[in-house]
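Residue-level structural notes
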Amino acid sequence: MTPEEAKERIKQLTEELNEHNYRYYVLAQPVISDYEYDMKLKELEKLEKQFPQFADKNSPTKRVGGQVTKNFPTVKHKVPMLSLSNTYSIEEIIDWEKSIMKLVNKPITYVLELKYDGVAISIRYKNGEMVQAVTRGDGYQGDDVTPNVMTIRSIPLQLRGNDYPDEFEVRGEILMPFDVFNKLNEEREDIGEPPFANPRNAAAGTLKIQDSSIVAKRRLDSYMYYLIADKRPFNNHYDNILKMGEWGFKVPRPENNFIKKATTIEEILDFINYWDKHRDDLNFGIDGIVLKVNDYDEQEQIGYTAKSPKWAIAYKFKAARVETKLLSISYQVGRTGAITPVANLEPVHLAGTVVKRASLYNADYIEQMDIRVGDMVYVEKGGEIIPKIVAVDFDKRPPGLPKTEFITHCPECGTKLVRNEDEAIVYCPNEWGCRPQLIGKIQHFISRKAMNIEGIGDETVEQLFDAGLIRTIADLYELKREQLLPLERFAEKSVDNMLKGIEKSKEVPFERVLFAIGIRYVGETVAKKLARHFKSIDNLQKATFEELVKAEDVGEKIAKSIIRYFKDEHNIEIINRLKKHGLKFSLTEEQLQNMSDKLAGLKFVVSGVFHDFSRDELKHLIEQNGGRVVSSVSSKTDYIIAGENMGPSKREKAERLGIKIISEKEFEKMLEE
Ligand code: IVH
């Protein structure tokens, strides 16, 4: 093939594939088979390799990904990504509509849309080409995830037609379809990775994957619902949305009732009712309905609060609920020995996913609700995650069902269980002989917030444990190459990575080591406070109960737990070995020098975007100087360090409570004084 011919063929294939892509992913009306599509794509790939000079920057071959992004750069949104005010109450929707009518004082057209339960995205186009895709982030700045968004086939790389603005931004939602989600979770369960809680989390997690070829395989989808441009084709929302469809975006269509114009409250309520009933028919999640005023001039007249447009409101559906049969109860043993009862249910469809299990929390929950195996139970999935049993259908209880007796012995090691009365927790006391507890301690130790050991995952820990190579966290530091290489799934490279990761963990600062060793009730924050107060593990070990409770945030329960920890010979032995391996068991000179009590006892809220520091740096400085970072403003807050775009509701609350609002410069001065 001559270069001329190649150029021509590449152009032709690119156009054809773009067209098929649009028909398949946007219109859902394919005209060729998947096989034919793949053949054309392969041909194009081959030609592009042979003649890279003719490859289009936005070629359909880009959809398979391959780019690896180590860190997604933070990008400021030109126009902040607002949220929507929302309500669960029909009355409030009626009131909202009345207030809009009163304000505009002429007949209004509303646009009714689905409220997609995914991840918001803002995508910039220039001269018809995608240039940048940014996540919502905090609304003011988000992450540049362009290479990953380029793999989403319902989002055009190159626009169709020629009547789009030279430069514009579209906003919408990235979704993981239910079928993709269910399959992904099955795969994850197979390899022992924790399943994603819901399609929204899965979509968000997928967008942050470094290797875009993995993203491409996840088959994300999208719907666009907002156009931002200096000059938009129409002066109303509805026509622009349909126009965006002509340019190649996947947009809601009136044919399938995903979008509808309405002029009366009756039409609005009909739409809400329709989708409340039919939401389970969709292959993606919606959590409500969005109402928008159609005309842009009217939108401007109605205006905005700092957080959301006043011309729009979301009606949120109440949690989905189904009835199913409780088949059995199983008991899981956690790393602290706590036993969690789990309900095994007759599989049932609920809000698009198949539910097989539900949490039963603890013994008291089962007792109070009088849940029995064989009962018909109501299962609900709230906005969140793991479904729960909310009630028993007593009318359907078969006669003679025995009352649930909580297990008395550990399902893993057979030890007699103990009940901790204050917390209604039943646990297995066999701390050093019960498999899930031993494994759990090591998994906690390697986890991201603790030692963050690269090259080892939860499954590796199980594998090493079962191979008899590790029983405690100290054993990790004594692993040898020769022991690892014969194991299944351990190639040279993964062994190297693992050993490197273990070696590197010796640099982890004391406060995180203190968190990682897993003293009961010592979380991340308490570990920081303890490190600061006692400065070394030796001091901590020597501390009496009275000395312990003097430290900030340490109450009786934690103090007792620390004493109990150091009384246990196993722990002393482990710590001694870890010390020998060089882990950090005290603060460094540098840490000691940078520490002060200048902010002791003061509580800070950090809000907005800053110039001189990152938020994490600010938080670190506060803690280093004895202050405390809290997330929400209350009467107990002493200072708010306000950056640009601090939320107006926070500011208003601070002013009402008389809390001092300071700039980052003023904060710096506090440290210098
Ligand atoms: S419009 C200026 N329309 O809901 C108005 N948002 O709670 C911008 N969302 O951040 C939003 N479906 O991620 C709009 N049809 C829809 C939507 C929608 C879902 C999301 C969006 C937004 C969040 C607000």
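Let us look at the structure shown here. (Residues numbered from 1 in each chain as written. Predicted model: local features only at pLDDT ≥ 70, side-chain atom pairs only at ≥ 80, totals over all residues. Heavy atoms only, no water.)

Here we come to the sheet that holds strand S8 (residues 221-228). Pairing is antiparallel in the open sheet, where four strands are placed in the order S5-S4-S7-S8. The outermost strands of the open sheet, each flanked by one partner alone, are strand S5 (129-135) and S8. Sheet twist, expressed as the average angle between the axes of neighbouring strands with direction ignored, equals 30°. Where strand S7 (residues 167-175) and S8 come together, seven bridges link them in antiparallel fashion. Note that in S8 the partner of arginine 171 across the bridge is tyrosine 226. Running over the sheet, helix H8 (residues 237-246) touches S7 and S8 and is turned about 130° from S8. (Pairing = 2+ DSSP bridges. Helix = DSSP H or I, 4+ residues; strand = E, 2+ residues; numbered from the N terminus. Axes fitted to C-alpha atoms, helices over the stretch in contact; angles between N-to-C directions. Contact = heavy atoms within 4.5 Å.)

When you line up the elements, arginine 63 lands in the loop between helix H2 (34-50) and strand S1 (74-76). Owing to a relative accessible area of 4%, arginine 63 belongs among the buried residues under this scheme. Taking the C-alpha atoms as reference points, arginine 63 and histidine 611, separated by 548 residues in sequence, lie 36 Å from one another. Ignoring any residue separated from it by four or fewer positions in sequence, one finds arginine 63 in contact with Asn21, Met150, Thr151, Ile152, Arg153, Ile155, Pro156, Leu157 and Ala216. One polar contact links the side chain of arginine 63 to the main-chain carbonyl oxygen of isoleucine 152, over a distance of 2.8 Å. (Buried < 20%, exposed > 50% of the residue type's maximum accessible area, 1.4 Å probe, protein only. Polar contact = N/O pair within 3.5 Å; in protein donor to acceptor, adjacent residues only side chain to side chain.)

Here we come to the packing of helix H3 (residues 90-104) against helix H9 (residues 265-278). In contact at an axis separation of 11 Å, H3 and H9 are set at 145° when each is read in the N-to-C sense. Relative to H9, H3 is oriented so that their crossing is right-handed. Across from Ile90, Ile93, Ile94 and Glu97 in H3, the residues of H9 making contact are Ile265, Ile268, Leu269 and Ile272. (Left-handed = near helix turned anticlockwise from the far one by under 90°.)

This brings us to the sheet that holds strand S9 (residues 259-262). Sheet strands associate in pairs through backbone hydrogen bonding, adopting either a parallel or an antiparallel arrangement. Taken together, five strands build an open sheet; the order of strands is S2-S11-S10-S3-S9 and the sheet is mixed. Here the strands that pair on one side only, and so sit at the sheet edges, are strand S2 (86-87) and S9. Relative to S9, strand S3 (residues 110-116) is paired through four bridges, and the arrangement is antiparallel. Residue pairing in the sheet places tyrosine 110 in a bridge with alanine 262 of S9. Across the sheet, H3 lies against S2, S3, strand S10 (286-293) and strand S11 (312-316), angled at about 165° from S11, the strand it touches most. Sheet strands touched by H9: S3, S9, S10 and S11. Its angle to S3, the strand with the most contacts, is close to 20°.

Turning to the site of the ligand, a few remarks are in order. The local shell around the ligand holds 15 residues, among which Glu113, Leu114, Glu173, Tyr225 and Lys292 are the closest. Contacts to the ligand include glutamate 173, whose side-chain N or O atom sits 2.8 Å from an oxygen atom. Here a nitrogen atom of the ligand sits 2.9 Å away from a polar atom, N or O, in the side chain of lysine 292. Contact with the protein chains covers 90% of the free accessible surface of the ligand, which is 530 Å². Those elements giving two or more residues to the shell around the ligand turn out to be S3, S8 and S10. In terms of residues, the shell around the ligand owes the most to one element, S3, which gives four residues. Of the residues belonging to the shell around the ligand, the class tally is nine nonpolar, one polar and five charged. (Near = heavy atom within 4 Å. Areas by Shrake-Rupley, 256 points an atom, 1.4 Å probe, with all protein chains shown as cover. Nonpolar A, V, L, I, M, F, W, Y, C, P; charged D, E, K, R; others polar.)

Burial of nonpolar side chains together is a common tendency in soluble globular proteins. If you look at the biggest cluster of nonpolar residues, it comprises 57 residues, and the most contacted ones within it are Phe445, Leu476, Leu514 and Ile517. In this structure, phenylalanine 445 is in contact with Ala450, Met451, Asn452, Ile453, Ile473, Leu476, Tyr477, Ala516, Ile517 and Leu583, ignoring residues within four places of it in sequence. Val170, Val180, Ile209 and Ile259 belong to the second-largest nonpolar core, a separate cluster that totals 40 residues. (Core = buried A, V, L, I, M, F, W, Y, C linked by side-chain atoms within 4.5 Å.)

Turning our eyes to something else, we now look at the pattern of salt bridges. In total, this model carries 46 salt bridges according to the counting rule given. Among the ionic pairs, arginine 481 bridges to glutamate 492, the shortest N-O distance being 2.9 Å. Highlighted residues: arginine 481 in helix H15 (residues 481-484) and glutamate 492 in helix H16 (residues 492-504), separated in sequence by 11 residues. Residue class for glutamate 492 comes out partly exposed when judged on its relative accessible area of 49%. In this structure, the salt-bridge partner of glutamate 552 is lysine 529, at a minimum N-O distance of 3.8 Å. Separated by 23 residues along the polypeptide, glutamate 552 in the loop between helix H20 (545-550) and helix H21 (556-567) and lysine 529 in helix H18 (residues 524-534) bring together distant segments of the chain. Taking relative accessible area as the criterion, glutamate 552 reaches 33% and is therefore assigned partly exposed. Each member of the salt-bridge network shares a partner with another, and the members are Asp370, Arg372, Asp375 and Arg397. (Salt bridge = Lys/Arg side-chain N within 4 Å of Asp/Glu carboxyl O.)

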